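# Summary of the model geometry
The lines below spell out each chain.
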Amino acid sequence: MTALAKNQTALRRVTTLVAQGASSTEIFQTVAEEVGRLLQASSAELIRFEPDETVTRVGGWGHDIDAVSTGEQFPLSELTIAPEIARTRRFARSIRSVRTTGPLGDDAEDYNVQEKAGSPIVVAGRLWGAVIVGAGEALTLPPNVERQLAPFTELVATAIATAEARAELARLADEQAALRRVATLVAEGGPPSELFAKVAEEVASLLGRHIDSAILRYEPDGTATVLATYGVTPPGGIRVDARLPVDGSGVTARVYRERCPVRIDDYTIASGVIAEYAKLHGFRSAVGCPILVQGRLWGAMFLAHHEAEPFPSDTEQRVTQFTELVATAIANTQAQTELRRLLDEQASLRRLATLVARGAKPTEVFDAVVVELRDLFGPAEVGLIRADSANEATILAHRGQPAGIVRSGMRVTLDGDSATARVLRTQCSARVDFRDGSGKGTIADLARRSNHGVAVAAPVLVDGRLWGTLTGSWRVDFEPPPADVEQRLAEFAELVVTTIANAESHNQLTASRARVLSAGDDARRRVVRDLHDGAQQRLVHTIITLKLAQRALGGGPGRVRSLLAEALGHAEQGNADLRELAHGILPSILTRGGLRAGVASIVSRLDLPVEVDVTGTRMSPQIEASGYFIVAEALTNVVKHAQATHATVRAAVNAGTLRIEIHDDGIGGADPEGPGLTGITDRVAALGGSLRINSSHDVGTILLAELPLPV
């Protein structure tokens, strides 16, 4: 067989392997053997140039197989012609007349090599490696060795390019599959913890073996919280939920400062708390990429290698694809959280507005405000405080304070430094952290007694005037409030201002109406007193005088006796009318005997049978007078309109409320808007009470009035 035929046969065998997609190892080994046999060389090998100025034998052939075993690495500088090939990227040849000792086919002592030749392997324009052949003492390489090596280096380059393309395609496919899995999790809107753990696993698995990963969130206080990890955690290593300082020169600290991807190829030089943990894990190199949510630095993804080699140059770009998905998920979660917060706030406002529209007492409204505040923000203690003066405030409602420390209606001084005092001084939201020693004075002392760690307060402005504060406190042994809680609390305070203002207006209106009602009752008492002490006394005196005159006349003329008798009759009738008038205005028996005696006096003048069960408890004159007139007007309506044969009056005090019920067996059909009941409605409303009327036809009427008793 001619040399050309042998060359073509060898090339066909290699070409067939390449076309069949054989492994790189098989192709490299076959090329070395075919080239060595074709050129009748003592040895032949394929080498790959490494970035660290070393070479790796990837294929070899020779009479001593052990000497040319594959996978070994050697310094480039110790080789004969490899450095020249690496420098020139061209064919090189060397003839030596003495034996040399060196690795990688340059072992002249082992192979008795006198001549060496090599051609570069160039893949996609970059120097990848070389094919090198050697001849011993009894052998020489042919003059056209360069031309004979060229087809083999081209085939090797094609095989390498094909393998790399196949590997790159597989890598891209794996990467896209991983991205799709993560994107699916993002789209499904699952728990963030599940997403973070999946991303950490996918990225670490994608980049190779012996790689750990973590996702961290930067906190406002200069720390980072570990949200997810992937890899083996040694005893005392970094764990999920750990909160670590962002200090030193490690990857996490540099990403925090520089807001861009960072790599450290030798992690032994890094400093800081997290860097020390990394050394405990045995990390040799690391890469960190920022997680930017809507342009704001939110956290970082951390990748660490246990091997000495650094990460590939495109690692940051590949990891960024995943951090962008994480950022999208976080943005979606934040948007959903914000939407839920807005919906919760709107639901809260609707509940409060409904309460106000229903005519609830201000104390009930204020209590509902602090309950809504607690449910929205989650503090251990909440309160609504009204500023009474520059030095004093009143706690109108609260939740969460230990019994005996704080109570509704309690007045506190605004001495020292507290969140409430700061708000009332500045009209701006304030935060006090008791854990660092901040806060002094009465309110701060109350907070410390309740084991509070952080207190936040926001101003309540009614009609542009500082009315008071909303406060929330978080305990020492719980997670502190989020960084934006002051702003959110201030926004909530703005939203509930209308509720508080309406309740306060209702409170003021009720107090005003009560004062008007009280003034009317006082006026009635004065009229009764004036009638009794003035006109009625004079009439009594006139009657007595007339009786004395009548007696003195004795048997006098009949005309005089007749006139005296007539005058006496008119005087007695006038006195009776005045007594009846005074009784109608405000009976004295009510003042002396209370509501029970007053109701008894009403019933005694009626022709209708009335069953009475009225408490004997004495109440304020205002409440007793209102109860009296409610019963009087209701029974008057029964007599005039109900056609009843029987009525019942019951009055009792329960839970700070006077409950009055008037029931008749009449024809029913009473009109709550009619003139007969309007006076009762107004009187009950003036005292902040409630009135219910049930008046079905042919069943009778039930009138139920509830009057809150003054505290």
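Throughout what follows, the structure given in this document is the object of discussion. Because the structure is a prediction, the values reported are computed rather than measured.

Moving on: the packing of aromatic side chains. Considering all chains together, one arrives at eight aromatic pairs under this definition. Where F283 meets F302, the ring centres are 5.9 Å apart and the plane angle is 50 degrees; that geometry is what we call tilted. Within this pair, whereas F283 is found in the loop between α8 (273-281) and β11 (285-293), its partner F302 is found in strand β12 (residues 296-305), the two being separated by 19 residues in sequence. Residue F283 is classed as buried on the basis of its relative accessible area of 7%. Look at F377 and F492: their rings are 6.0 Å apart centre to centre, the planes differ by 70 degrees, and that puts the pair in the edge-to-face class.

Moving on, we get to the layout of surface pockets. When its volume is computed, the largest pocket comes out at roughly 1,400 Å³. For the largest pocket, the lining is made up of 44 residues, of which R217, W298, Q334, P482 and D484 are closest to its centre. Secondary-structure elements contributing two or more residues to the lining of the largest pocket are α5 (145-188), α6 (192-207), β7 (211-218), β12, α9 (315-357), α10 (362-377), β16 (430-433) and α13 (485-533). Element by element, the count of residues in the lining of the largest pocket is highest for α9, at eleven residues. Here the residues of the lining of the largest pocket sort into 21 nonpolar, eight polar and 15 charged.

As for its placement among the helices and strands, T315 is situated in helix α9. Sequence separation of T315 and C289 is 26 residues, and the distance between their C-alpha atoms is 9.7 Å. Once residues within four sequence positions are removed from consideration, T315 is found in contact with L207, R263 and V287. Engagement of the side chain of T315 in a polar contact is seen with the backbone oxygen of P312, the distance being 2.7 Å.

A word on the sheet that holds strand β9 (residues 243-245). The antiparallel open sheet is built from six strands, whose spatial order is β9-β8-β7-β12-β11-β10. Only two strands of the sheet have a single partner each, and these edge strands are β9 and β10 (262-264). When the angles between neighbouring strand axes are averaged without regard to direction, this sheet yields 30 degrees. In this sheet, β11 lies alongside β10 in antiparallel orientation, the contact comprising three bridges. For V262, the partnering residue across the bridge sits in β11 and is G288. Its contacts with the sheet put helix α7 (residues 251-258) on β7, β10, β11 and β12, and the angle it makes with β10 is roughly 155 degrees. Packed on one face of the sheet, α8 meets β7 and β9 and runs near 115 degrees to β9.

Contact geometry for α6 and α9: axes closest at 11 Å, N-to-C directions at 170 degrees. It follows that α6 is roughly antiparallel to α9 by the angle criterion. Taken together, the residues of α9 that come into contact with α6 (itself represented by P192, L195, F196, V199, E202, V203, L206 and L207) are T315, R318, V319, F322, V326, A329, I330 and T333. Residues belonging to the contact of α6 with α9 are distributed by class as follows: twelve nonpolar, two polar and two charged.

Looking now at unusual backbone geometry. A positive phi is found at E53, a non-glycine position, where the angle reads about 65 degrees. Among the secondary structure elements, E53 is positioned in the loop between β1 (43-49) and β2 (54-62). Of note in this structure, Q427 is not a glycine but carries a positive phi near 60 degrees. With respect to the helices, strands and loops of the structure, Q427 is situated in the loop between α11 (419-426) and β16.

In total, this model carries five cavities of 30 Å³ or more according to the counting rule given. Its boundaries defined by the atoms lining it, the largest cavity holds a volume of some 220 Å³. Every residue lining the largest cavity is counted, 21 residues in all, and those nearest its centre are E381, I385, Q401, I443 and T471. Where the lining of the largest cavity is concerned, the elements lending two or more residues are β13 (381-387), β14 (392-399), α11, α12 (442-449), β17 (452-462) and β18 (465-475). In terms of residues, the lining of the largest cavity owes the most to one element, β13, which gives four residues. In the lining of the largest cavity, the residues fall into twelve nonpolar, eight polar and one charged.

Note that S418 resides in the loop between β15 (410-413) and α11. A distance of 3.1 Å separates the side chain of S418 from the backbone nitrogen of A421, its partner in a polar contact. Contact partners of S418, with chain neighbours within four places excluded, come to V432, K440, I443 and A444.

The next subject is the sheet that holds strand β19 (residues 610-614). The strand order across the open sheet formed by five strands is β19-β20-β21-β23-β22, and the pairing between neighbours is mixed. Here the strands that pair on one side only, and so sit at the sheet edges, are β19 and β22 (690-696). The sheet shows a mean angle of 10 degrees between the axes of neighbouring strands, direction not considered. Looking at chain direction, strand β20 (residues 647-654) and strand β21 (residues 657-664) are connected through eight bridges and run antiparallel. In the strand pairing of β21, A647 is matched with D664. Sheet strands touched by helix α16 (residues 588-604): β19, β20 and β21. Its angle to β19, the strand with the most contacts, is close to 175 degrees.

The residue T88 is located in helix α3 (residues 82-88) in this model. Here the alpha-carbon distance between T88 and P120, two residues 32 residues apart in the chain, equals 9.2 Å. In terms of polar contacts, T88 uses its side chain to reach the backbone carbonyl oxygen of E84, at 2.8 Å.

Most of β18 sits inside the fold, with nine of its eleven residues counted as buried. With six bridges joining them, β13 and β18 adopt antiparallel strand pairing. Looking at the pairing, L384 lines up with L470 of β18. Summarising the sheet, β17 and β18 pair through ten bridges and their orientation is antiparallel.

Moving on to the pattern of salt bridges. Scanning the entire structure with this criterion turns up 25 salt bridges. For R37, the salt bridge identified is with E33, shortest N-O distance 3.1 Å. Residue R37 and its partner E33 are located together in helix α2 (residues 24-38), separated by four residues, close to a single helical turn. Assessed through its relative accessible area of 53%, R37 is described here as exposed. R386 serves as the salt-bridge partner of D388, at 3.0 Å between the closest nitrogen and oxygen.

Rules behind the numbers
Residues numbered from 1 in each chain as written. Predicted model: local features only at pLDDT ≥ 70, side-chain atom pairs only at ≥ 80, totals over all residues. Heavy atoms only, no water. Phe/Tyr/Trp six-rings, centres within 6.5 Å; stacked < 30°, edge-to-face > 60°. Helix = DSSP H or I, 4+ residues; strand = E, 2+ residues; numbered from the N terminus. Buried < 20%, exposed > 50% of the residue type's maximum accessible area, 1.4 Å probe, protein only. 1 Å grid on protein atoms, 1.4 Å probe; cavity = no way out; pocket = protein on both sides within 12 Å on 5 of 7 lines; lining within 4 Å. Points joined across faces, edges and corners; volume = space filled by probe spheres on them. Nonpolar A, V, L, I, M, F, W, Y, C, P; charged D, E, K, R; others polar. Contact = heavy atoms within 4.5 Å. Polar contact = N/O pair within 3.5 Å; in protein donor to acceptor, adjacent residues only side chain to side chain. Pairing = 2+ DSSP bridges. Axes fitted to C-alpha atoms, helices over the stretch in contact; angles between N-to-C directions. Parallel < 35°, antiparallel > 145°, perpendicular 65-115°, else oblique. Salt bridge = Lys/Arg side-chain N within 4 Å of Asp/Glu carboxyl O.

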